[in-house]
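One letter stands for each residue in the lines below.
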Amino acid sequence: MKPNKLSIVIEDGLIRKVSNSDHSEVIIDGIKEVFPNSYIIPGIVDSHAHIVGLGENLNTVRLEKAKSKSEVLEMIKTIKIENGWITGRGWNEEFWSDKHISKNDLDSVSKETPIFLVRVDGHAAWVNSKALELSNINLETPNPVGGSIKRDNNNAPDGILIDNAMELVRVNIPSRKIELIKKYILDACNECLKYGITEVHDMDVHLEHIQAYKELDDEKCLPIRLIQYIRGFDGVYKQYTPKPYSGNNLQIIGLKFYADGALGSRGALMIDKYHDADTYGLELINRNELYERALKGCEDGWDIAVHAIGDKANRNVLETYEKIREDGYENILRVEHSQLINPNDTKKFNALNVFASVQPIHCTADKNMAISRLGEQYKFAYPWKTLLKSGAKLIAGSDFPIESHNPFLGIDSYVNRKGINEEITWNIEETLSVEESLESYCYTPHLATHNMNSGSLDEGYRADITIIDNDLSNKNMIKFTQVIATISNGKLTKHL
């Protein structure tokens, strides 16, 4: 798969004719649009992202831009109080010289208004004393299963909550109104269009947001296709949508579970201890429980996606999937992130027909942090080429808003695999070609969604098309690629 100059005829949202051309052009229902000095590829899919999260980021203060603790504290003061709370997302202490944070820092902003700030990776929260008080988190509060309440020298909660411990506070934050959620959804979808994204696999969708998505889809307002995996860990989803759903541009097809946390918060579950801490990480769900819940989901027709970052978590998920396959279920099974995989487990992806859903940009953005956390184990991290060689189906995303939603930064990471502001390729043997990268972004994701009429520029396929300003042959220019136009289901949006 390579970018090409083509002439494409589109009628009723489908590709009717494709021919080579000396320039790129599309004829949509009889109307011709010519795009000089441009190239065409199938519409880009982000195979792991969070639509409402991106929409919220587009409308709120961006804490990930803070370069110090003092800077983030100043930014928090500008956040609008909503329903009595100050909430935000994106802080990342890895980029600060003073990495120690606690409730006391946030108390300096406000002791009266509860503050809840989610870390950039979504697996830790920083809260103030008022939030702890309202949530009854104190000296006697035990760690929840799959979570950790960090404590000071006096054993008092210090304001840092890891993974499932975050829910002790989050449950007390009032829900946003449906009209605001709709705005977030539409803002995020339109932002995706600007970057050539015609489909998003929307992960860990909040159950209370389903109504907003369905109403927008019923009104045919969704400009891109959304494939959703909803929160499945406690079975509450049955009250909202007990069976898979397919609408106009919305499909709800899967359940999402978490096997472990993230590297940044040292919650990823490891076979060996972390290089920089006396911990193996967190097991958010044991194998027996994961098997029972995933099996029930398969019985009811759901596909299954499980977050797994550490090598122990990946092994646990693959062993669970092995049992599901032995039970005779052929549902789509995915491992989200697949960041650290023991070499003994790599071949199981192909053997069990399990999709490896990866986010290339995590590798380059987190490179130095990952090496610090893992030590020598980093050699087994982000094993893209190894997975492909083993026959695994590799699908790519960004995990936005945790990382940039620009897919060309992900393709650049696949091909060049260079840390931020670095010139040396990290583990060059795991880099992919441009063609392999595009397959992972444009074609293979559709194999995981039952939409076999997408992902190709052949006649009869859905007209999802991305038109860009270069042919990606210059590896140094991939990350500077501009999207000239996006065609989603036959509808054209020009950008340049």
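For the structure, see preceding data.
First things first, this report covers the structure right here in the doc.

This part takes up the overall build of the protein. Helices and strands together make up the secondary structure of the protein, namely 15 helices and 22 strands. For a compact globule of 496 residues, the expected C-alpha radius of gyration is about 23 Å, and the protein comes in at 22 Å, within 12% of that figure. Principal-axis analysis of the C-alpha atoms places the extent of the protein at approximately 70 × 50 × 50 Å. Within the protein, the fraction of its 496 residues that count as buried is 58%.

What follows deals with the pairing of strand β15 (residues 250-258). For β15, the tally of buried residues reaches eight of nine residues, placing the bulk of the element in the interior. Note that strand β13 (residues 225-231) and β15 share six bridges and pair parallel. Across the sheet, the residue bridging to I230 is L255, located in β15. As defined by bridge partners, strand β14 (residues 245-246) adjoins β15 across two bridges and the pair is classed as antiparallel. Within β15, the residue paired with Y245 across the bridge is I252. From the end of β14 to the start of β15, which pair antiparallel, there are three residues. Where β15 lies against strand β16 (residues 303-308), five bridges are found, and the strand directions are parallel. Along β16, the bridge assignment pairs F257 with V306. What joins β15 to β16 is helix α8 (residues 287-299), and the crossover it makes is right-handed.

Another point: the sheet that holds strand β1 (residues 6-11). Taken in spatial order, the four strands of this open sheet run β2-β1-β3-β4, and their pairing is mixed. Bordering the open sheet on either side are β2 (14-20) and β4 (31-35), each of which pairs with just one other strand. Between one strand and the next, the sheet's axes are offset by a mean angle of 15°, whatever the strand orientation. In this sheet, β4 lies alongside strand β3 (residues 24-28) in antiparallel orientation, the contact comprising five bridges.

Right, let's talk about the nonpolar core for a bit. Side chains of nonpolar character tend, in soluble globular proteins, to be buried together. Grouped together as the largest cluster of nonpolar side chains are 90 residues, with contacts concentrated most on I51, I185 and Y321. Top contributing element to this core by residue count: helix α6 (residues 178-194), with seven residues. In this structure, I185 is in contact with I51, V52, A212, Y213, L216 and L222, ignoring residues within four places of it in sequence. By size, the runner-up hydrophobic cluster in this structure holds 21 residues, among which are I76, I86, A124 and W126.

Before going further, it helps to examine the environment of D458. Mapped onto the fold, D458 is located in the loop between α15 (434-447) and β20 (465-468). Sequence separation between D458 and G375 is 83 residues, and the spatial gap between their C-alpha atoms is 46 Å. For D458, the side chain forms a polar contact with the side chain of S456, separated by 3.0 Å.

Moving on, we get to the pairing of β16. With six of six residues buried, β16 lies mostly within the body of the structure. Residues D303, A305 and H307 point to one face of β16 and I304, V306 and A308 to the other, with burial holding for every one of them. Relative to strand β17 (residues 333-337), β16 runs parallel, the two sharing five bridges. Bridge pairing in β17 places A308 opposite H337. Between the parallel elements β16 and β17, the chain passes through helix α9 (residues 311-326) in a crossover that is right-handed.

Glancing now at α15. Taking 1.5 Å of rise per residue, the 14 residues of α15 would be expected to cover 20 Å, and the 20 Å separating its terminal C-alpha atoms lies within 8% of that figure. Remark: the principal bend of α15, roughly 45°, maps to S440. Looking only at α15, the buried set comprises V434, S437, L438, S440, Y441, C442, T444, P445 and H446.

I210, A212, Y213, L216 and D217 are the residues of helix α7 (residues 210-218) that are buried. With its buried residues spanning 165° around the axis, α7 presents them on a single face. On its buried side, α7 packs onto α1 (51-59), α6, β12 (197-205), β13, β14 and β15. Remark: K220 follows α7 within two positions and exhibits a positive phi of approximately 55°.

One way to put it is that helix α14 (residues 407-416) packs onto α15 with a least axis distance of 9 Å and a crossing angle of 135°. Considering the angle they form, α14 stands oblique to α15. α14 and α15 meet at a crossing whose hand is right-handed. Between α14 and α15, the residues in contact are P407, G410, I411, Y414 and V415 and V434, S437, L438, S440 and Y441, respectively.

Where like charges cluster on the molecular surface, the negative patch consists of E299, E322, E326 and D327. Tracing the backbone shows E326 in helix α9. Judged by relative accessible area, which is 62%, E326 ranks as exposed.

Turning next to the pattern of salt bridges. This model, assessed by the stated rule, comprises 33 salt bridges. A salt bridge links K194 to E191; its shortest N-O distance comes to 3.5 Å. With a gap of three residues between them, K194 and E191 both fall in helix α6, about one helical turn apart. Judged by relative accessible area, K194 falls into the partly exposed class, the value being 48%. Among the residues examined, E191 registers a relative accessible area of 13% and is labelled buried. Of the charged contacts, one joins R315 and D345 as a salt bridge, the two residues approaching to 2.9 Å between their closest N and O atoms. One end of the pair, R315, is in helix α9; the other, D345, is in the loop between β17 and α10 (348-351), and 30 residues separate them in sequence.

Thresholds applied
Residues numbered from 1 in each chain as written. Predicted model: local features only at pLDDT ≥ 70, side-chain atom pairs only at ≥ 80, totals over all residues. Heavy atoms only, no water. Helix = DSSP H or I, 4+ residues; strand = E, 2+ residues; numbered from the N terminus. Rg over C-alpha atoms; globule rule 2.2 N^0.38 Å. Buried < 20%, exposed > 50% of the residue type's maximum accessible area, 1.4 Å probe, protein only. Pairing = 2+ DSSP bridges. Right-handed = clockwise from strand over helix to strand, strands pointing away. Axes fitted to C-alpha atoms, helices over the stretch in contact; angles between N-to-C directions. Core = buried A, V, L, I, M, F, W, Y, C linked by side-chain atoms within 4.5 Å. Contact = heavy atoms within 4.5 Å. Polar contact = N/O pair within 3.5 Å; in protein donor to acceptor, adjacent residues only side chain to side chain. Expected span 1.5 Å × (residues − 1). Bend = angle between axes of the 7 residues up to and from the residue. Arc of directions from axis to C-beta. Parallel < 35°, antiparallel > 145°, perpendicular 65-115°, else oblique. Left-handed = near helix turned anticlockwise from the far one by under 90°. Patch = residues over 30% accessible without salt bridge, like charges linked within 9 Å, V, L, I, M, F, W, Y side chains within 5 Å. Areas by Shrake-Rupley, 256 points an atom, 1.4 Å probe, with all protein chains shown as cover. Salt bridge = Lys/Arg side-chain N within 4 Å of Asp/Glu carboxyl O. Lys, Arg positive; Asp, Glu negative; His and termini not counted. Charge placed at Lys NZ, Arg CZ, Asp CG, Glu CD.

Geometric descriptors of this kind do not, in isolation, establish any biological role.
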